[in-house]
Amino acid sequence: MMVAHPRPLLVILLQLLLSCLPALGYSSNRFFYQDILNGNGNGEIHFNGVKLHVDSSQPFVFALRGSNATLSCRYWYEPELSSPRRVRVKWSWLPIVGGHETDVLVAIGPRIHSFGDFRDRVHLRQDSPGDASLVMTELQLNDTGRYRCEVIDGLEDKSATVNLELRGVVFPYQPPHGRYNLTYHDAQQVCQEQDSTLATFEQLFQAWEEGLDWCNAGWLADGTVQYPITKPRRPCGGLGLSPGVRSYGSRHRHLHRYDVFCSSSPLQGKVYYLQLPEKVNLTEAQQACFKDGAQIAKVGQLYVAWRFMGLNHCDAGWLADGSLRYPITKPSRNCGPLEPGVRSFGFPPPYQKHGVYCYSAGMQ
């Protein structure tokens, strides 16, 4: 009586399992499985007595838009192996606003492939054996989120996570049609239109620690609705509550409507008040910036210029959303409250005559 060798049976079973995955709604990238099963991999599917470990020395990384960041990841074996093994390294990304994990990069030995918006912006550091750290260049606002480093050796599969957050400035935003008119998805859209993203709780908390006081509740990236109070008062939770970030908890993303807290990060280029011989209406403001080789500035861009570039100008100017604002870093009696901030006059009729703030990506 012949006894089948267990290893060929294991390979056959694995092949059958992989052939069933598409029917279950799982779309694998064949980049990995073909490499293991075609005989060009490690030469074995599983080995006994050895454990694979994966860890990150820095689970939280903070960076600025346009900069580079390294997300640490290292793998090793216990007991230590006498010779290196060719493993599969996969980095994936879960956006801060939730959703499905997205592939960032897959590597097997020297073969590396990056995906989507991460293409040509990511690579593995590989400074030493077991180094699977992800190097990201030219960071974008939407890169904030949780990244997972997964290392696969045959049937061994271990992973570690790293959270990336872009530092910036948090600002409350209310649309032209008034207070508490945004669903969660509306909030996402208006932040994007103003060169920003939905703020995280951590970003709002830091802004509160730095003095942000705002009585209107707004959406955050995790779907909760909160607002920061540094000076307790009756209309904002009452006098009996201590300063802090007030929370309404998670709200229905389609039914409930609030304002929003957006976050924007430093950018290349310059925001400036355009000197004109006379005041202009909104349409003329847009045209004036265009003629100057620029575009009318967005709210997020003005906040970044105020916070990180020290923009200080006492003249109110049009912005792209039709609002009228001006940035003050050095308060004076003729320029509103005696504290730094971006002053807002709301959304005046577009035919009114005012100044304008422009943004040029090519200026420094």
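To keep things clear, this report deals only with the structure shown in the data block. Since the model is a prediction, treat every value here as computed from it, not as a measurement.

Rules used throughout
- Residues numbered from 1 in each chain as written.
- Predicted model: local features only at pLDDT ≥ 70, side-chain atom pairs only at ≥ 80, totals over all residues.
- Heavy atoms only, no water.
- Buried < 20%, exposed > 50% of the residue type's maximum accessible area, 1.4 Å probe, protein only.
- Helix = DSSP H or I, 4+ residues; strand = E, 2+ residues; numbered from the N terminus.
- Arc of directions from axis to C-beta.
- Patch = residues over 30% accessible without salt bridge, like charges linked within 9 Å, V, L, I, M, F, W, Y side chains within 5 Å.
- Areas by Shrake-Rupley, 256 points an atom, 1.4 Å probe, with all protein chains shown as cover.
- Salt bridge = Lys/Arg side-chain N within 4 Å of Asp/Glu carboxyl O.
- Contact = heavy atoms within 4.5 Å.
- Phe/Tyr/Trp six-rings, centres within 6.5 Å; stacked < 30°, edge-to-face > 60°.
- Pairing = 2+ DSSP bridges.
- Axes fitted to C-alpha atoms, helices over the stretch in contact; angles between N-to-C directions.
- Core = buried A, V, L, I, M, F, W, Y, C linked by side-chain atoms within 4.5 Å.

### Some points on helix α4 (residues 201-209)
Turning to α4, its buried residues are Gln203, Leu204, Ala207 and Trp208. Projection of α4 onto a plane perpendicular to its axis shows the buried side chains occupying an angular sector of 140°, all on one side.

### Describing a nonpolar patch on the surface
Together, Leu64, Phe308 and Met309 line one region of the surface with nonpolar side chains, adding up to about 250 Å² of accessible area. Mapped onto the elements, phenylalanine 308 comes out in helix α6 (residues 299-308).

### A word on the environment of threonine 230
Its place among the elements puts threonine 230 in the loop between β15 (224-229) and β16 (244-250). For the pair threonine 230 and cysteine 215, spaced 15 residues apart in the sequence, the C-alpha separation amounts to 9.8 Å. Contacts of threonine 230, omitting those with residues within four sequence positions, involve Trp208, Gly211, Leu212, Asp213 and Pro243.

### Overview of the packing of aromatic side chains
Tallied over the full model, the rule gives 15 aromatic pairs. When the ring of tryptophan 93 is compared with that of phenylalanine 118, the centres are 5.5 Å apart and the planes differ by 75°; the resulting orientation is edge-to-face. Of the two residues, tryptophan 93 sits in strand β5 (residues 88-95) while phenylalanine 118 sits in the loop between β7 (111-114) and β8 (122-124), which places them 25 residues apart along the sequence. Arranged with centres 5.9 Å apart and planes meeting at 25°, the rings of tyrosine 326 and phenylalanine 345 form a pair that is stacked.

### Remarks on the sheet that holds strand β3 (residues 69-71)
Two pairing modes exist for strands in a sheet, parallel and antiparallel, and in both the strands are linked by backbone hydrogen bonds. Taken in spatial order, the 3 strands make up an open sheet running β3-β9-β8, and their pairing is antiparallel. Of all strands in the sheet, those with a lone pairing partner are β3 and β8, marking the two edges. Strand after strand, the sheet turns through a mean of 25° between neighbouring axes, direction not considered. Taken together, the 3 bridges between β8 and strand β9 (residues 134-136) define a ladder with antiparallel strand orientation. Bridge assignment links histidine 123 to a residue of β9, and that residue is valine 135.

### So, the nonpolar core
One finds Leu198, Trp219, Val260, Phe261, Val356 and Tyr357 to be the most contacted residues of the largest nonpolar core, which totals 60 residues. For this core, the element with the most residues is α6, which contributes 6 residues. Core analysis: the next-biggest nonpolar cluster, separate from the first, contains 32 residues, Val54, Val61, Val122 and Leu139 among them.

### Description of the sheet that holds strand β10 (residues 145-153)
With mixed pairing, 6 strands are arranged side by side in an open sheet as β2-β11-β10-β5-β6-β7. Because the sheet does not close on itself, it has two edges, and the strands there are β2 (60-63) and β7. On average, each strand axis in the sheet is inclined to that of its neighbour by 20°, with strand direction left out of account. Sheet analysis places strand β6 (residues 102-108) next to β7, joined by 4 bridges and oriented antiparallel. Note on β7: the bridge partner recorded for valine 106 is histidine 113.

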